[in-house]
Amino acid sequence: MTWHTPDEAAFLAVSRKAMNDDFEVTFPRLDFPQGTEAAMDALDVVQHWEQVLSVFRYDSKIRYVNLTAHEEPVRLDRELFDLVALCLQMAEETGGALDITSGPLWKAWGFARREGRIPSKVELAAARENVGFRLVELDLETQTIRFLKPGVELNFGCVGKGFALDAGAVKLHEKSMGRFLFQGGLSSILARGENWKIGAAHPVRPGRRLAEIRIDDRAIGTSGSEKQFFRHRGHRYSHLIDPRTGVPAEGVLSVTVLAPTATQAELLSTAFFVMGFDQSNEYCRSRDDVAALFSFPVRKRSGYEVHMLGDWQDRLTLVADDAFPFTP
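Predicted, not measured: the structure shown is a model, and the values here were computed from it.

Novice: Honestly, the overall build of the protein in this entry has me stumped. Any pointers?
Specialist: Scanning the protein from N- to C-terminus turns up seven helices and 18 strands. Taking 328 residues into account, the globule formula puts the C-alpha radius of gyration at 20 Å, and the protein, at 20 Å, falls close to it. Taken over the C-alpha atoms alone, the protein extends approximately 55 × 50 × 35 Å along its principal axes. Here the protein holds 328 residues, and 55% of them are scored as buried.

Structure below.
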């Protein structure tokens, strides 16, 4: 995603590498002379949550939880406890399409090492035994987490960047910044204030845009398989795995979700990719604050068919020359 403003020269961007991606805070420099310091503080928050949530850091809190929570309850800080609770709630609401315990499946398919492979039936069955959000138990009174069996683990790849953006935005608000764009790579972006326009990434062509979206005090999250996938015997396998079946989700190229927070947008983009259009449509009917943009391959012609869910309120304009709006 890219950002655009009426007068880009009046804006300053402060960036830093974190969570294996580029995080950037953009703000009007004249309105917020303290903005650089505030942006650095917000990026510090992102790095803090990378340290907490990363399954690749040997000293992260989540790694400790994954190693010990099957033996005894582990106490969590309030923010982390609330994040786990939200993820479990979303898992329930999406019928298990979103599941932060799906790490064993991700590993079985080789995506943890970025070496996609077809797991054996035995490997896949073993991984599925350790996947399921109902295998995680939270105790609100003691603020602890417990796994109901060995082998269960948490992975926040479906929400980490969005959550870090929301947490960093709190720091920006504390510094009295009322207008900013906070971006986590190409997949997660949070806007505060009015008149921000961003480009939604093309589903298969890196560096190109599928659509232009105007967001005011909202967030955007995108899930797609354009970067992480492999082919086997002519079949394309995405890194986005359906926890309910244990196999990569199929039929969707990308999903962009508009939601009140970056955490919600990122969680729902992952869930909708797995759920597909019809199930996502059912979900959106009960949520007037969520909208989604789906892209699907078109079999009879080159290009990509685009479906929209929810009320975009004239926020979205397709700009890709190979994108075709769906007409029922």
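So much for the structure itself; the text now carries on.
Novice: Could you clarify how one ought to interpret the layout of surface pockets in this entry?
Specialist: Over the atoms rolls a probe the size of a water molecule, and its path tells where empty space is left. Quantified by volume, the largest pocket comes out at close to 1400 Å³. What lines the largest pocket is a set of 42 residues, and nearest its centre among them are G157, C158, K161, Q228 and H239. Looking at the lining of the largest pocket, the elements that each hand over two or more residues are α1 (35-53), α4 (103-108), α6 (160-174), β11 (219-224) and α7 (262-285). A class-by-class count of the residues in the lining of the largest pocket yields 18 nonpolar, 16 polar and eight charged. Taken as a whole, the second largest pocket holds about 260 Å³ of empty space.

Novice: Looking at this structure, how should I read the environment of A320?
Specialist: Note on placement: A320 falls in the loop between β17 (316-318) and β18 (323-325). For the pair A320 and L210, spaced 110 residues apart in the sequence, the C-alpha separation amounts to 4.8 Å. If we ignore the near neighbours within four places in the chain, the residues touching A320 are H202, R209 and L210.

Novice: Is there a simple way to explain the pairing of strand β9 (residues 196-201) in this structure?
Specialist: Across a regular strand the side chains alternate sides, sitting on one face of the sheet and then on the other. Within β9, five of the six residues are buried, which leaves the element mostly enclosed by the surrounding structure. Strand direction decides the pairing type here: β9 and strand β10 (residues 209-215), joined by six bridges, are antiparallel. The partner of K197 across the bridge, within β10, is R214.

Novice: What am I meant to see in the sheet that holds β18 here?
Specialist: The strands making up a sheet associate through backbone hydrogen bonding, with each pair oriented either parallel or antiparallel. Pairing within the open sheet is mixed, and its nine strands lie in the order β2-β3-β7-β8-β11-β14-β15-β16-β18. In this open sheet, the two edge strands, each paired with only one partner strand, are β2 (11-18) and β18. Neighbour-to-neighbour, the strand axes of this sheet turn through a mean angle of 15 degrees, independent of strand direction. In this structure, strand β8 (residues 188-192) lies alongside β11, joined through three bridges in antiparallel fashion. Across the sheet, the residue bridging to S188 is G221, located in β11.

Novice: Help me understand the side chain of S269, please; the structure alone is not making it clear to me.
Specialist: Its place among the elements puts S269 in helix α7. For S269, a relative accessible area of 0% translates into the label buried. At 3.0 Å, the side chain of S269 and the backbone oxygen of E266 are in polar contact.

Novice: I would appreciate a short explanation of the packing of α6 against α7 in the present structure.
Specialist: Each pair of packed helices can be described by the angle between their axes along with the distance between the axes. Relative to each other, α6 and α7 sit at 170 degrees, their axes nearing to 7 Å. When the axes of α6 and α7 are compared, the pair comes out roughly antiparallel. For the pair formed by α6 and α7, the contact residues are G160, K161, G162, F163, L165 and D166 on the first element and A262, T263 and E266 on the second. Here the contact of α6 with α7 is composed, by residue class, of three nonpolar, three polar and three charged.

Novice: It is not clear to me how the pattern of salt bridges should be interpreted in this structure. Could you clarify?
Specialist: For side chains of opposite charge, pairing can occur when their charged atoms come near one another. Scanning all chains against the criterion turns up 18 salt bridges. For D321, the salt bridge identified is with R208, shortest N-O distance 3.4 Å. Of this pair, D321 sits in the loop between β17 and β18 while R208 sits in the loop between β9 and β10; the two residues are 113 residues apart in sequence, bridging distant segments of the chain. Given the relative accessible area of 63%, D321 is considered exposed.

Novice: How should unusual backbone geometry be read in this particular structure?
Specialist: Glycine aside, negative phi is the norm for most residues, and most peptide bonds take the trans geometry. Unlike most non-glycine residues, N20 shows phi in positive territory, near 60 degrees. Considering the arrangement of structural elements, one finds N20 in the loop between β2 and β3 (21-28). Located in the positive-phi region is Q143, a residue other than glycine, with phi close to 60 degrees. Mapping Q143 onto the fold places it in the loop between β5 (136-139) and β6 (144-147).

Procedures and definitions
Residues numbered from 1 in each chain as written. Predicted model: local features only at pLDDT ≥ 70, side-chain atom pairs only at ≥ 80, totals over all residues. Heavy atoms only, no water. Helix = DSSP H or I, 4+ residues; strand = E, 2+ residues; numbered from the N terminus. Rg over C-alpha atoms; globule rule 2.2 N^0.38 Å. Buried < 20%, exposed > 50% of the residue type's maximum accessible area, 1.4 Å probe, protein only. 1 Å grid on protein atoms, 1.4 Å probe; cavity = no way out; pocket = protein on both sides within 12 Å on 5 of 7 lines; lining within 4 Å. Points joined across faces, edges and corners; volume = space filled by probe spheres on them. Nonpolar A, V, L, I, M, F, W, Y, C, P; charged D, E, K, R; others polar. Contact = heavy atoms within 4.5 Å. Pairing = 2+ DSSP bridges. Axes fitted to C-alpha atoms, helices over the stretch in contact; angles between N-to-C directions. Polar contact = N/O pair within 3.5 Å; in protein donor to acceptor, adjacent residues only side chain to side chain. Parallel < 35°, antiparallel > 145°, perpendicular 65-115°, else oblique. Salt bridge = Lys/Arg side-chain N within 4 Å of Asp/Glu carboxyl O.

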